[in-house]
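A closer look at the structure
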Amino acid sequence: MSMLDPRLESIKSYPRAMRFYVLTLHEIVLESKPLKVLELGTQNGQSSKSILTALGKNGKGELISLDHKNRSGILDVEYPD
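This section reports on the structure supplied with the text. None of the values given here were measured: they were computed from a predicted structure. (Residues numbered from 1 in each chain as written. Predicted model: local features only at pLDDT ≥ 70, side-chain atom pairs only at ≥ 80, totals over all residues. Heavy atoms only, no water.)

Peptide bonds are mostly trans, and most non-glycine residues show a negative phi. Within the chain, K33 stands out as a residue other than glycine whose phi angle is a positive 50°. Of note, K33 is situated in the loop between α1 (16–32) and β1 (36–40). (Helix = DSSP H or I, 4+ residues; strand = E, 2+ residues; numbered from the N terminus.)

Counting residues in hydrophobic clusters, the biggest one holds eight residues: V29, L30, V37, I51, L52, A54, L55 and L63. Residue assignment for this core shows that the elements contributing at least two residues are α1 and α2 (46–58). Among the elements that take part in this core, α2 stands out by supplying four residues, more than any other. Residue contacts for L55: discarding those within four places in its chain leaves V29, P34, V37, K60, G61, E62 and L63. (Core = buried A, V, L, I, M, F, W, Y, C linked by side-chain atoms within 4.5 Å. Buried < 20%, exposed > 50% of the residue type's maximum accessible area, 1.4 Å probe, protein only. Contact = heavy atoms within 4.5 Å.)

Its boundaries defined by the atoms lining it, the second largest pocket holds a volume of some 150 Å³. In terms of lining residues, the second largest pocket is bounded by 16 residues, among which Y21, L25, E39, S47 and I51 are the most central. Secondary structure elements with two or more residues in the lining of the second largest pocket: α1, β1 and α2. Sorting elements by how many residues they give to the lining of the second largest pocket places α1 first, with five residues. When the residues that make up the lining of the second largest pocket are grouped by side-chain class, the tally is nine nonpolar, six polar and one charged. (1 Å grid on protein atoms, 1.4 Å probe; cavity = no way out; pocket = protein on both sides within 12 Å on 5 of 7 lines; lining within 4 Å. Points joined across faces, edges and corners; volume = space filled by probe spheres on them. Nonpolar A, V, L, I, M, F, W, Y, C, P; charged D, E, K, R; others polar.)

None of this, on its own, says anything about what the molecule does.
In structure tokens form, the structure reads like this:
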């Protein structure tokens, strides 16, 4: 298993169920190497961050994230385009 990306270190403080969910998403994206990922519901961006770091490690892919509220500014770290 690869080392956890430093941008995902905050996951350690999530409740146990959430931590598993976010890390599982990260692994799925790493292994499947998708060209596009559609995320429905952004909330605080934990899943978005996890998906984006996996896409960055893969060196390709795009995340399209939809939410019914304005979630601009939830990513406080630069993620690859």
